[in-house]
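Below, each chain spelled out in residue letters.
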Amino acid sequence: MGAEQGRRFGGRGDTAGRTTGGLISRWLRAARGPKDTAAADADREDLLLAAAAAGLPLAPAAYPSDYRCSCNRVGCPTPGRHPVSFAWQTQSTTDRAQIERWARHQPQANFITATGMVHDVLDVPLEAGYEALERLLAAGIEVGPVAESGGDRVLFFTATRGTPDEEDEWWPCELDCHPETMDEHPGLRWHCRGSYVLVPPARLPAERSVFWVRGPEHPLPDPLTLLETLTDACARYVGAEPDFTSAWP
């Protein structure tokens, strides 16, 4: 995140009369991903293993290659963001030995974590995400792992709601949107069963990245404890009233 984003944040205030830039700046200073590529590569395996140790099931994903996606698909809609195998849901694992083999045999690969098994992810626009994070922590609400993704989204990792006894009360993420069509859903996205997100560390085109703001050592909270604050922050950034039902899985 560079000077352009800093200028963008600095121009917007919140309802308390404080500028969003003032609220967010210290998070950005603390959360900046490593600028040294060699250091980032050295930490990559440890970070992946830490995520797996926290219960996040991982599987290999594509990565940026010469301004394109490593999958070589013409017009890939999500370059560097998608799994490399169609069997990613069954392939996803927390097994340390398997993750070490993948990481060492595919040194450039990103990794996804499958949601709806152990954890869900509440995925919100960048500005709304950092504002909500500030508010949640100030209110003493337990916040779990948080990542910044691609310079435009913030990911809140939560416990999954699981599979209720009454299946009529549940639907997979794909009924709302598919990971390849996420750009059509600019507000809050709830990644649950049938979805995935990139897990840090990950590289994206145009020198963007995915990195931890709060690491996976933080326990996964109940998503409902975060939902109101996240929905409210998103609503103020998209100019709409909070709508809890639109994000409810």
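Structural notes, computed from the coordinates. The residue numbering used here restarts from 1 in each chain and proceeds along that chain's sequence as written. Per-residue local features of the predicted model are confined to residues with pLDDT of at least 70, and side-chain atom pairs are confined, for both listing and counting, to 80 or more; whole-chain, interface and lining totals are unaffected and use all residues. Side-chain measures were taken over the full set of non-hydrogen atoms in the model, leaving aside hydrogen atoms and water.

## Regarding the pairing of strand E4 (residues 110-114)
Then, number 1: Buried residues are those whose accessible area, probed at 1.4 Å on protein chains only, stays under 20% of the maximum for their type, while exposed residues exceed 50% and partly exposed ones sit between those limits. Comment: elements are numbered from the N terminus, with helices defined as DSSP H or I runs of at least four residues and strands as E runs of at least two. The element E4 is extensively covered by neighbouring structure, given that five of its five residues are classed as buried.
Then, number 2: Alternating positions in E4 separate into two faces, Asn110, Ile112 and Ala114 on one and Phe111 and Thr113 on the other, with burial throughout.
Then, number 3: Whether two strands pair comes down to DSSP finding at least two bridges between them. Alignment of strand E1 (residues 58-61) against E4, held across four bridges, turns out to be antiparallel. Bridging across to E4, Ala59 finds its partner in Ile112.
Then, number 4: In this structure, E4 lies alongside strand E9 (residues 196-199), joined through four bridges in antiparallel fashion. Looking across to E9, one finds that Ala114 is bridged to Tyr196.

## A look at the side chain of His191
Then, number 1: When you line up the elements, His191 lands in strand E8 (residues 189-191).
Then, number 2: A polar side-chain atom of His191 sits 2.8 Å from a polar atom in the side chain of Ser195. Residues adjacent in sequence count toward polar contacts only when both atoms are side-chain atoms; beyond that, a polar contact is any pair of N or O atoms within 3.5 Å, and within protein one must be able to donate a hydrogen and the other to accept it.

## Things to note about the packing of aromatic side chains
Centre distance and the angle of the planes are the two values used to describe a pair of aromatic rings.
Then, number 1: Centres within 6.5 Å make a pair out of two Phe, Tyr or Trp rings, where for Trp the six-membered ring is used; the pair is then stacked when the planes are under 30 degrees apart, edge-to-face when over 60, and tilted otherwise. According to the stated counting rule, one finds three aromatic pairs in the structure shown.
Then, number 2: Summarising the aromatic geometry, the rings of Trp88 and Tyr196 are spaced 4.9 Å apart at their centres and angled 75 degrees between planes, so their arrangement reads as edge-to-face. In this pair, Trp88 is assigned in helix H4 (residues 88-91) and Tyr196 in strand E9, connecting sequence segments 108 residues apart.
Then, number 3: Ring geometry for Trp102 and Phe111: centres 6.3 Å apart, planes at 50 degrees, overall tilted.
Then, number 4: A relative accessible area of 1% places Phe111 in the buried class.

## As for the environment of Ser195
Then, number 1: Relative to the elements of secondary structure, Ser195 occurs in the loop between E8 and E9.
Then, number 2: The class for Ser195 is buried, based on a relative accessible area of 0%.
Then, number 3: Between the alpha carbons of Ser195 and Gln89 there is a distance of 8.7 Å; along the sequence they are 106 residues apart.

## A closer look at the sheet that holds strand E6 (residues 146-149)
Then, number 1: Spatially, E8-E5-E7-E6-E11-E10 is the arrangement adopted by the six strands of the open sheet, whose pairing is antiparallel. Each end of this open sheet is capped by a strand with a single partner; those strands are E8 and strand E10 (202-204). Shown here is a sheet whose adjacent strand axes are inclined to one another by a mean of 25 degrees, direction ignored.
Then, number 2: Summarising the sheet, E6 and strand E11 (residues 208-214) pair through four bridges and their orientation is antiparallel. The residue bridging Ser149 from the neighbouring strand is Val210, located in E11.
Then, number 3: Relative to strand E5 (residues 119-125), helix H7 (residues 224-238) is tilted by about 15 degrees, and along the sheet it contacts E5, strand E7 (153-159) and E8. Fitted lines through C-alpha atoms give the axes, limited to the stretch in contact for helices. The angle between two N-to-C directions lies from 0 to 180 degrees. A contact between two residues is defined here by any heavy atoms of the two lying within 4.5 Å.

## Some points on unusual backbone geometry
Then, number 1: The peptide bond linking Pro200 to Pro201 adopts the cis configuration, its omega dihedral lying at -5 degrees.
Then, number 2: Inspection of the secondary structure assignment puts Pro201 in the loop between E9 and E10.
Then, number 3: The backbone phi angle of Glu207 is positive, close to 60 degrees, even though this residue is not glycine.

## Quick notes on the pattern of salt bridges
Then, number 1: Should a side-chain nitrogen of Lys or Arg be within 4 Å of a carboxyl oxygen of Asp or Glu, the pair is scored as a salt bridge. Overall, the coordinates contain nine salt bridges when judged by the stated rule.
Then, number 2: A salt bridge links Glu131 to Arg236, with the shortest nitrogen-to-oxygen separation between them at 1.8 Å. One end of the pair, Glu131, is in helix H6 (residues 126-138); the other, Arg236, is in helix H7, and 105 residues separate them in sequence.
Then, number 3: In the salt-bridge network here, residues are joined through shared partners; they are Glu45, Arg96, Glu100 and Arg104.

## Description of the sheet that holds E1
Then, number 1: With respect to topology, three strands assemble into an open sheet ordered E1-E4-E9, the strand pairing being antiparallel. The open sheet terminates on both sides in strands that have one partner only, identified here as E1 and E9. The average angle at which neighbouring strand axes cross in this sheet is 40 degrees, direction not considered.
Then, number 2: Here helix H5 (residues 96-105) sits on the sheet and contacts E1 and E4; the angle it forms with E1, its principal contact strand, is near 15 degrees.

## Notes on H5
Then, number 1: Within the sequence span of H5, burial applies to Ile99, Glu100, Trp102 and Ala103. Seen from one end, H5 has its buried residues packed into an arc of 165 degrees, which puts them on one side. In H5, the exposed residues that point more than 90 degrees away from the buried face are Arg104 and His105. The arc in question is the one traced by the directions running from the helix axis out to the C-beta atoms.

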